[in-house]
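Residue strings, one per chain:
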Amino acid sequence: MDRFIEEFKIVSNNVSIPLSRIENAYRIIEKYFGSNWFKDNNRDTKFIHNVLEMVLLGESLSATEKIGAPSKLVKKLVKPINQDDHSSGLSEAQLIHKFLELRLTNIRYEPRIKLFRKRPDVTHDFDSDIIQYEVSKPRLSAFDREMWHKKQTDLSNRIAAVMKSGGSLDVYLFKEEIKDDSINKIVDESMKFLQGNKKESEFLIPEIAYLVFDPTGNIQLKGHKTSYPEIRADGSMGALLVDTKYDRSSMYEKKLHFEKPLTKIARINSVKDTDGKTHAVIIRVARPSEDKRVTQKIIEEASQLSKNHRGVVVIEMGSTSAKLGYWTNLVRELFDSGIYAFPSAVWLRSLHLGTSEFGWREVIVINSHAVKNVSEGYLKTIIPTGHTIEKIDHGFN
């Protein structure tokens with residue numbers, strides 16, 4: 001552990017979590033994986049996100065041990081981190097971790113339920129009854145995967161190839177589908193737009209995209225500056241420090257009147273100018289996307305729960321393109337239809353691992369038409385500082 005202690009201290013200071021919490025998580029990681037977890041998973045400890053990912057896994061394994069280390073869940077967690085089983089196990093174990101922190105009783109993993117052939121993912125006791133949970137982490141849709149992971153990334157790479165000086169460039173695409181001729185047009189226009197440009201500026205490519213450039217590399221609103229990434233001797237980059245509350249993209253989302261949530265990718269690299277000085281290059285590509293699969297997932301996951309007890313469908317949003325507020329309103333609309341008397345509630349969770357943030361944004365949407373409702377005491381226990389929604393709030397995101 002000593003070889004990582006300086007990086008762990010940086011994370012502790014930046015994210016405001018106790019150093020002991022990071023050290024305890026690493027001890028669990030060593031127990032299951034040995035001392036080379038970061039190297040084996042190509043995780044550079046100089047990046048805050050990678051250390052937080054380790055803490056998440058270590059705490060998940062620790063929580064699993066505290067409820068008896070069910071073998072099926074442990075097997076999921078020790079699988080390679082890019083596998084679906086690992087991802088679903090992490091979602092389940094993180095829910096258990098939260099319940100342990102709340103000191104709930106009789107927490108069980110995939111228990112048998114009387115007079116019901118299926119098994120919920122997690123249960124615990126509350127108010128002389130059990131609460132059941134089915135946990136889901138929807139994968140990115142095939143269309144979004146093609147557009148987001150492939151086309152947006154390809155566009156950012158091609159723009160990076162023509163950026164000969166440092167700075168930040170945001171590209172706001174107007175259409176959900178990215179066509180090859182649109183990519184070619186944006187790259188050509190970007191080359192002209194950036195050539196010799198030394199000041200903050202904006203540029204419209206009609207019906208295709210809106211570009212915002214800042215030669216200093218700032219990506220935040222006026223009065224708030226981005227902390228530039230460390231550029232190492234080999235040209236690789238350190239972590240980019242930004243305050244998401246003041247990200248300039250929030251202003252342009254409103255200015256450009258996007259009706260759908262934006263999916264974003266970011267590319268950070270470095271270039272050398274004619275004087276041999278190295279500068280950071282930050283390219284971000286945002287695309288409108290409308291992922292409505294949450295209602296389908298709720299109906300599917302609720303079938304795993306017994307209607308003889310209160311049931312909550314938990315959806316972790318880490319692999320979707322949708323925003324928390326957008327899916328919250330879709331869930332509320334589903335419950336407002338009055339068609340579904342089950343589940344009792346839907347719990348949306350969005351994990352944030354950043355340079356200055358480590359934790360969950362959470363919303364519980366209550367089904368007022370449910371035969372078995374969750375109590376006020378339950379809500380105050382489970383999510384005392386989060387959001388509980390009974391009516392649609394179009395301003396929430």
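Cut-off values and rules
Residues numbered from 1 in each chain as written. Predicted model: local features only at pLDDT ≥ 70, side-chain atom pairs only at ≥ 80, totals over all residues. Heavy atoms only, no water. pLDDT = per-residue confidence, 0-100. Contact = heavy atoms within 4.5 Å. Buried < 20%, exposed > 50% of the residue type's maximum accessible area, 1.4 Å probe, protein only. Helix = DSSP H or I, 4+ residues; strand = E, 2+ residues; numbered from the N terminus. Arc of directions from axis to C-beta. Core = buried A, V, L, I, M, F, W, Y, C linked by side-chain atoms within 4.5 Å. Axes fitted to C-alpha atoms, helices over the stretch in contact; angles between N-to-C directions. Parallel < 35°, antiparallel > 145°, perpendicular 65-115°, else oblique. Left-handed = near helix turned anticlockwise from the far one by under 90°. Nonpolar A, V, L, I, M, F, W, Y, C, P; charged D, E, K, R; others polar. Salt bridge = Lys/Arg side-chain N within 4 Å of Asp/Glu carboxyl O. Pairing = 2+ DSSP bridges. Phe/Tyr/Trp six-rings, centres within 6.5 Å; stacked < 30°, edge-to-face > 60°. Lys NZ or Arg CZ within 6 Å of the ring centre and 35° of its normal.

S.K.: Go over the confidence of the model for the chain with me, naming the residues and quoting the values.
M.R.: Of the residues in the chain, 89% reach a pLDDT of 70 or more, and the chain-wide mean stands at 86. For the stretch residues 391–397, pLDDT sits under 50, and the model shows 16 contacts to residues farther than four places along the chain or on other chains.

S.K.: Before we move on, can you summarise helix α1 (residues 5–15) with the specific residues and values?
M.R.: Among the residues of α1, Ile5, Glu7, Phe8, Val11, Ser12 and Val15 are the ones counted as buried. Buried residues in α1, looked at end-on, bunch into an arc of 160°, giving them a common side. Check the buried side of α1 and you find it contacts α2 (19–33), α3 (37–40), α4 (48–66) and β11 (358–366). Positive phi shows up at Ser16, right after α1, with a value of about 60°.

S.K.: Can you break down the nonpolar core residue by residue, with the values?
M.R.: Met54, Phe99, Tyr133, Val312, Trp347, Tyr378 and Ile382 are the most contacted members of the largest nonpolar core, which has 48 residues in total. Ranked by the residues each element gives to this core, the list is headed by α4, at nine residues. Apart from residues no more than four positions distant in its own chain, Ile382 is found in contact with Lys98, Phe99, Leu102, Leu104, His124, Tyr133, Trp347 and Ile364.

S.K.: An account of the packing of helix α7 (residues 142–162) against helix α8 (residues 180–194) is needed here, citing residue identities and associated values.
M.R.: Packing of α7 against α8 leaves a shortest axis separation of 10 Å and a crossing angle of 25°. With respect to their mutual orientation, α7 and α8 come out roughly parallel. Crossing handedness for the pair α7 and α8: right-handed. Where α7 abuts α8, its residues Lys151, Asp154, Leu155, Arg158, Ile159 and Val162 lie against Asp180, Ile183, Asn184, Ile186, Val187, Ser190 and Met191. By residue class, the composition of the contact of α7 with α8 is seven nonpolar, two polar and four charged.

S.K.: Go over the pattern of salt bridges with me, naming the residues and quoting the values.
M.R.: Here the idea is simple: oppositely charged side chains can pair when their charged atoms come close. Tallied over the entire structure, the rule returns 23 salt bridges. Of the charged contacts in the structure, one is a salt bridge between Glu316 and Lys137, with a shortest N-O distance of 3.5 Å. Within this pair, whereas Glu316 is found in strand β9 (residues 310–316), its partner Lys137 is found in the loop between β3 (129–136) and α7, the two being separated by 179 residues in sequence. The exposure class of Glu316 is buried, given its relative accessible area of 7%. The class for Lys137 is partly exposed, based on a relative accessible area of 25%. The closest approach of N and O atoms between Arg248 and Asp170, which form a salt bridge, is 2.9 Å. Of this pair, Arg248 sits in the loop between β6 (209–214) and α9 (249–255) while Asp170 sits in strand β4 (residues 167–173), and the two are 78 residues apart along the sequence. A single burial state applies to Arg248 and to Asp170, both of which are buried.

S.K.: Help me get a handle on the sheet that holds strand β5 (residues 201–205), residues and values and all.
M.R.: Spatially, β5-β6-β4-β8-β7 is the arrangement adopted by the five strands of the open sheet, whose pairing is mixed. Either end of the sheet is taken by a strand with one partner, and the two such strands are β5 and β7 (262–272). The sheet shows a mean angle of 15° between the axes of neighbouring strands, taken without regard to direction. The pairing of β5 with β6 spans five bridges and is classified as antiparallel. The residue bridging Glu202 from the neighbouring strand is Val212, located in β6.

S.K.: Could you give an account of the packing of α1 against α2, naming the residues involved and the relevant values?
M.R.: At their nearest, the axes of α1 and α2 sit 9 Å apart, and the two run at 130° to each other. Taken together, the axes of α1 and α2 lie oblique to each other. Crossing handedness for the pair α1 and α2: right-handed. Contacts between α1 and α2 pair Ile5, Phe8, Lys9, Val11 and Ser12 from the former with Leu19, Ile22, Glu23 and Tyr26 from the latter. For the contact of α1 with α2, the per-class residue count stands at six nonpolar, one polar and two charged.

S.K.: Describe the pairing of strand β10 (residues 345–353), listing the residues and the values that go with them.
M.R.: A large share of β10 lies buried, amounting to seven of its nine residues. Sheet analysis places β9 next to β10, joined by five bridges and oriented parallel. Each residue of the ladder has a partner; that of Val312, found in β10, is Ala345. As judged from the nine bridges shared by β10 and β11, these two strands associate in the antiparallel manner. Paired with Val346 across the bridge in β11 is Val365.

S.K.: Can you tell me about the packing of aromatic side chains, naming the residues and giving the values?
M.R.: How two aromatic rings sit relative to each other is set out by the distance from centre to centre and by the angle between their planes. A complete count under the given rule lists 16 aromatic pairs for this structure. With a centroid separation of 5.9 Å and an interplanar angle of 35°, the aromatic rings of Phe4 and Phe8 are classed as tilted. The residues Phe4 and Phe8 share a single accessibility class, namely buried. Look at Phe193 and Phe213: their rings are 6.4 Å apart centre to centre, the planes differ by 80°, and that puts the pair in the edge-to-face class. Here Phe213 lies in strand β6 and Phe193 lies in helix α8, a separation of 20 residues in the sequence. Overall, the relative accessible area of 3% leaves Phe213 in the buried class. Lying over the aromatic face of Trp360, Arg349 brings its terminal NZ or CZ to 4.0 Å of the ring centre.

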